[in-house]
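If you want the building blocks of each chain, they are given just below.
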Amino acid sequence: MIVPETRRKWLAAAVPVLLMLVFAPLALKRLGRIPDTPATQAAAPLPSPVPSSTAAAPAGELPQVNATRAMQYVREVVAFGPRPIGSEAHKKLEAYLEAHVKGATIEHDDFTASTPEGSFPIHNLIAKFPGTKPGAVVIATHYDTVMSVKNFVGANDGGSGTGLLLELANQLRGARRNGYSVWLVWLDGEEAVRQWSDTDSLYGSRHLAEKWQKDGTISQLKAFLLADMIGDADLNIDRDQNSTPWLEDLIYEAASKLGYQSHFFARRLAVGDDHIPFAKHGVPVADLIDFDYGYNNVFWHTPRDTLDKLSPKSLEITGEVLLETVRLLDQK
Ligand SMILES: [Zn+2]
């Protein structure tokens, strides 16, 4: 059917008017401008436009992450090439990380892991930034890349979190923070050497959680926040069902405060990652992971996990939400 030009114009003009007449009262009601109560009764007070729990803090107080610098770190990390445990590129990256976090209190957790492909040295790196409150919040990521996939440079998986934490170190360096200590942890040996299983995966985090359990450090941990695969330009961080619900709620509150909630928790799924060993020891944990990397996660663990898929904005969003979450934890 072809609608004649004149009639089309009339329709174009009339339809919005008609729609307005029909829907405007409804829309106004939704906005709370027309009280539902009869005129004889006192109108109920209108809801506050911003619930107090998500009221925006003064702009100056909100955390800010330098997205360009974070992305530059990711670029430099990826430039080392594939970085599986035991490789030369992995050693170079270790030195690069160490050089960057100089000035912070550094701790190492070094050991040899026996894997289905033999023994490999594993190096977890911890940079501690002191706070005024007893207790610490861990922000962790992993820096190794998959061994079994040829030409895998892990821009998102391994690179994004590593670069972001280097930028967080810049944010935390300097004055003692007014709140919990923050420990940045670059975990090693997250990836399976052959095939993911309870024993072939999470080499670094399993060792560190065990070590901190034995020496009592674990009791100091208020929360363990993990950032993994957070560089995807199309950022959709999943709500992980292996994470601690109240901590996930707090992350959502932080994201909402910053106006980033549309990037969070549209989907729920249970993720096996470096937070699991800490959860097993009773630490509140949250994994910030976007496990939808390319349509149906097609870039994950493939040579297509490259820099061009990432966005500095995604690093900024994740970084700022992490820092805001720490601030909310300070206030708890
Ligand atoms: Zn991976």
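See the structure shown above.
The following paragraphs examine the structure supplied in this document. (Residues numbered from 1 in each chain as written. Predicted model: local features only at pLDDT ≥ 70, side-chain atom pairs only at ≥ 80, totals over all residues. Heavy atoms only, no water.)

What about the overall build of the protein chain?
The secondary structure content of the protein chain amounts to 8 helices and 8 strands. A buried classification covers 52% of the 332 residues belonging to the protein chain. Sequence separation of 24 or more characterises 78% of the internal contacts of the protein chain that already satisfy a separation of 6 or more. (Helix = DSSP H or I, 4+ residues; strand = E, 2+ residues; numbered from the N terminus. Buried < 20%, exposed > 50% of the residue type's maximum accessible area, 1.4 Å probe, protein only. Contact = heavy atoms within 4.5 Å.)

A few points about the coordination of the zinc ion
For the zinc ion, the protein coordination sphere consists of D157 (OD), E191 (OE), E191 (OE) and H301 (NE2), at 1.9 to 2.7 Å. Classification of the site at the zinc ion rests on its 4 donor atoms, whose angles at the metal span 52 to 147 degrees, yielding the label irregular. Spacing between the donor residues of the zinc ion along their common chain follows D-x33-E-x109-H. Of this pair, D157 sits in helix α4 (residues 155-172) while H301 sits in the loop between β8 (285-289) and α8 (312-331), placing them 144 residues apart in sequence. When its relative accessible area of 2% is taken as the criterion, D157 is described as buried. With relative accessibility at 22%, the residue H301 sits in the partly exposed group. (Donors = N, O, S within 2.8 Å, 3.2 Å for Na, K, Ca; no water. Tetrahedral: all angles 85-135°; square planar, octahedral: opposite > 155°, others 65-115°.)

Section: the pairing of strand β4 (residues 177-187)
Each regular strand carries side chains that alternate between the two faces of the sheet. Across the 11 residues of β4, 10 count as buried, placing the element largely inside the fold. Bridge count for strand β2 (residues 118-129) against β4 is 5 bridges, and the pairing is antiparallel. Along β4, the bridge assignment pairs L125 with W186. Direction of pairing for strand β3 (residues 131-142) relative to β4: parallel, over a ladder of 9 bridges. Of the residues in β4, the one forming a bridge with A140 is V185. (Pairing = 2+ DSSP bridges.)

Some thoughts on the pairing of strand β1 (residues 105-115)
Of the strand pairs in this sheet, β1 and β2 are connected by 11 bridges, and their pairing is antiparallel. What sits directly across from D109, in β2, is N124. Counting the residues between successive antiparallel strands, the hairpin from β1 to β2 contains 2 residues.

Overview of the side chain of S243
Within the fold, S243 resides in the loop between β6 (237-240) and α6 (245-258). By relative accessible area, which is 7% here, S243 ends up buried. Here D240 takes part through its side chain, which lies 2.6 Å from a polar atom of the side chain of S243. Among the polar contacts listed, one links the side chain of S243 to the backbone nitrogen of D287, at a separation of 3.0 Å. (Polar contact = N/O pair within 3.5 Å; in protein donor to acceptor, adjacent residues only side chain to side chain.)

Quick look at the pattern of salt bridges
With the rule as written, the count across this model stands at 12 salt bridges. Note that E88 and K91 form a salt bridge whose closest N and O atoms lie 3.2 Å from each other. Remark: K91 and E88 occur in helix α3 (residues 88-100); sequence separation between them is 3 residues, near one turn of the helix. With a shortest N-O distance of 3.0 Å, D249 and R239 are connected by a salt bridge. Taken together, the residues D249 in helix α6 and R239 in strand β6 connect sequence positions 10 residues apart. One connected set of salt bridges, linked through shared partners, spans K257, E324 and R327. (Salt bridge = Lys/Arg side-chain N within 4 Å of Asp/Glu carboxyl O.)

Things to note about the sheet that holds β8
Spatially, β1-β2-β4-β3-β5-β8 is the arrangement adopted by the 6 strands of the open sheet, whose pairing is mixed. Every other strand in the sheet has two partners, leaving β1 and β8 as the edge strands with one partner each. Averaged over all pairs of adjacent strands, the angle between strand axes in this sheet comes to 20 degrees, irrespective of strand direction. As paired strands, strand β5 (residues 221-228) and β8 are joined by 5 bridges and run parallel to one another. In the strand pairing of β8, L225 is matched with A286. Across the face of the sheet, α4 comes into contact with β2, β3, β4 and β5 while running at roughly 150 degrees to β4. Its contacts with the sheet place α8 against β3, β4, β5 and β8, and it is angled at close to 135 degrees to β4. (Axes fitted to C-alpha atoms, helices over the stretch in contact; angles between N-to-C directions.)

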